[in-house]
Amino acid sequence: MNSEYGGIGASELAIVMAIEELSRHCATTGLLLAVQQLGSTPVLLAGNEQQKRKYLPPLASGEWMAAFGLTEAGSGSDAAAMRTVAVREGDRYILNGSKRFITNGGLAQVNSIFALTDPKIGTRGISAFIVEKDFPGFSVGRIEDKMGIKGSQTAELIFTDCEVPAENLLGREGDGFKIAMMTLDRTRPGIGAQALGIAQGALDLAVSYSKQRVQFGRPIADNQGIQFMLADMATKIEASRLLVYNVAEMIDRGERDFSKYSAMAKMFASDAAMEVTNDAIQILGGYGYMKEYPAERMMRDAKITQIYEGTNQIQRLVIARDLLE
Ligand SMILES: Cc1cc2nc3c(=O)[nH]c(=O)nc-3n(C[C@H](O)[C@H](O)[C@H](O)COP(=O)(O)OP(=O)(O)OC[C@H]3O[C@@H](n4cnc5c(N)ncnc54)[C@H](O)[C@@H]3O)c2cc1C
């Protein structure tokens, strides 16, 4: 985030490298950085000066956490099918509806929430709001019990006549869908980096284990069958890294047409992470299946990177749309 708002002015490349390195050891810790970026980016992209000065410094220092509320029970991949509404009444908006599967939900002070201000005109009727968790009518519903990233809270957010000051509208009415898509374009490299870190951690583990584990009187790493697996894992990781770093550098150079590359980086790195973590378990044999070793956690954590911030099917749609336009 910009140093004028209390950030360290890190480049996107530095951010993805930090997420990668943290995720190499703990994907939830990597996610803390990625979600702080996800929840703050709508304010950075569309906030006015007053909103930026109020909300960004405590987000940059880590005093406040951020969340991004787009998904609903009936609208996941089809984000435009959302039902949450925001009706203007004088100097405030009244929000009614709910958001599902929200990372940091209930913990975040600053929530970038998307709601319909005009349900009749599709995506052009979606607006974005900064909703503080203490605003009247804001509450937290179900806390999800998940397969992985168990250190990260995923919750339902409920808005019951939730009062949001009109000054907390981001951009203009109707800008919300554009803000959400622009945000995801910028944050998907972070999920690619999370996947990359998980995969690198799994490879590190598989390499060291294969050198120590002795079967048939020699380390299993002496078998070409294991060596070929390690070589394929390392190659997929390196290809992921190049895609993730490449799009981060495109963003740092101020290039505008990076949406396709962002989708490619997230999709490729997360598919690779799933394959690499699966292979790491195979190399550890029965021990890989046990909770005693982190390989099975890495596979469970890798899985989410294929799903959130747009499933990998949706990334393929983004890439294909760009190719065919
Ligand atoms: C742990 C976790 C954390 C999350 N954090 C957040 C968050 O912080 N903020 C937020 O807003 N959301 C968050 N999400 C929601 C996440 O982004 C959605 O789950 C995801 O976008 C998919 O939506 P869905 O689950 O409704 O699946 P669906 O949209 O119902 O998809 C089901 C399946 O159908 C496929 N599919 C759907 N449409 C198509 C199509 N047109 N072509 C081909 N295949 C298709 C999908 O790829 C998927 O395989 C989180 C989810 C999880 C699990």
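Scroll up a little and you will see the structure.
Residues numbered from 1 in each chain as written. Predicted model: local features only at pLDDT ≥ 70, side-chain atom pairs only at ≥ 80, totals over all residues. Heavy atoms only, no water.

> Describe the packing of helix α1 (residues 12-25) against helix α5 (residues 224-252), and please don't skip the residues or the numbers.
Close contact between α1 and α5 brings their axes to 7 Å; oriented N to C, the two are set at 150 degrees. Of α5, the residues touching α1 (which contributes Glu-12, Leu-13, Val-16, Met-17 and Glu-20) are Arg-241, Val-244, Tyr-245, Ala-248, Glu-249, Ile-251 and Asp-252. Split into classes, the residues belonging to the contact of α1 with α5 amount to seven nonpolar, no polar and five charged. (Axes fitted to C-alpha atoms, helices over the stretch in contact; angles between N-to-C directions. Helix = DSSP H or I, 4+ residues; strand = E, 2+ residues; numbered from the N terminus. Contact = heavy atoms within 4.5 Å. Nonpolar A, V, L, I, M, F, W, Y, C, P; charged D, E, K, R; others polar.)

> Got a sec to walk through the site of the ligand? Specific residues and values, please.
Surrounding the ligand, one finds 18 residues, the nearest of these being Phe-68, Thr-71, Ser-77, Phe-101 and Thr-311. Residue Ser-77 places a side-chain N or O atom 2.6 Å away from an oxygen atom belonging to the ligand. One nitrogen or oxygen atom from the main chain of Phe-101 is found 2.8 Å from a nitrogen atom belonging to the ligand. Within the complex, the protein chains bury 65% of what would otherwise be the 980 Å² of accessible surface of the ligand. For the shell around the ligand, the elements supplying multiple residues, two or more each, are β3 (92-103) and α9 (312-324). (Near = heavy atom within 4 Å. Polar contact = N/O pair within 3.5 Å; in protein donor to acceptor, adjacent residues only side chain to side chain. Areas by Shrake-Rupley, 256 points an atom, 1.4 Å probe, with all protein chains shown as cover.)

> Account for unusual backbone geometry, with residues named and values stated.
Despite not being glycine, Asn-104 has its phi angle at roughly 70 degrees, a positive value. Overall, the relative accessible area of 4% leaves Asn-104 in the buried class. You will see that Glu-309, though not glycine, has its phi angle at about 55 degrees, which is positive. Looking at the element boundaries, Glu-309 is found in the loop between α8 (295-305) and α9. Relative accessible area serves as the criterion here: at 12%, Glu-309 is assigned to the buried category. (Buried < 20%, exposed > 50% of the residue type's maximum accessible area, 1.4 Å probe, protein only.)

> Requested: an account of the packing of aromatic side chains, with residues and values cited.
Scanning the model with the defined rule gives six aromatic pairs in all. For the pair Tyr-209 and Tyr-293, a centre-to-centre distance of 5.7 Å together with 85 degrees between the ring planes defines the contact as edge-to-face. Taken together, the residues Tyr-209 in helix α4 (residues 176-212) and Tyr-293 in the loop between α7 (286-289) and α8 connect sequence positions 84 residues apart. Take Tyr-293: its relative accessible area is 24%, and that puts it in the partly exposed class. One aromatic cluster is present, formed by Tyr-209, Tyr-287 and Tyr-293 through successive ring pairs. (Phe/Tyr/Trp six-rings, centres within 6.5 Å; stacked < 30°, edge-to-face > 60°.)

> Help me get a handle on helix α3 (residues 49-61), residues and values and all.
In this model α3 runs 18 Å from its N-terminal to its C-terminal C-alpha over 13 residues, within 8% of the 18 Å that 1.5 Å per residue would give. Here α3 has its buried residues at Gln-51, Lys-52, Tyr-55, Leu-56, Pro-58 and Leu-59. Summarising the contacts, the buried residues of α3 are in contact with α2 (27-46), β1 (66-69), β4 (110-116), β5 (126-132) and β8 (169-170). One or two steps after α3, the chain reaches Gly-62, where phi turns positive at roughly 90 degrees. (Expected span 1.5 Å × (residues − 1).)

> Explain the environment of Thr-103 to me, using residue names and the numbers behind them.
Residue position: Thr-103 is located in strand β3. Thr-103 sits in the buried class, given a relative accessible area of 12%. Distance from Thr-103 to Phe-177, taken between C-alpha atoms, is 19 Å for residues 74 residues apart in sequence. Non-local contacts of Thr-103, meaning those with residues more than four positions away in its chain, are made with Leu-31, Val-35, Ala-67, Ser-152, Gln-153 and Thr-154.

> Break down α8 for me, with residues and values.
Within the sequence span of α8, burial applies to Ala-295, Glu-296, Met-298, Arg-300, Asp-301, Ala-302 and Thr-305. Where α8 is buried, its residues touch α1, α2, α4, α6 (259-284), α7 and α9.

> Describe in detail the nonpolar core, supporting the description with residues and values.
One finds Val-16, Leu-230, Met-233, Val-244 and Ile-283 to be the most contacted residues of the largest nonpolar core, which totals 44 residues. Mapped by element, the contributors of at least two residues to this core are α1, α2, α4, α5, α6 and α8. At eleven residues, α4 tops the list of elements feeding residues into this core. In contact with Val-244, other than residues within four places in its own chain, are Val-16, Pro-189, Gly-192, Ala-193, Leu-196, Ala-265 and Ala-269. (Core = buried A, V, L, I, M, F, W, Y, C linked by side-chain atoms within 4.5 Å.)

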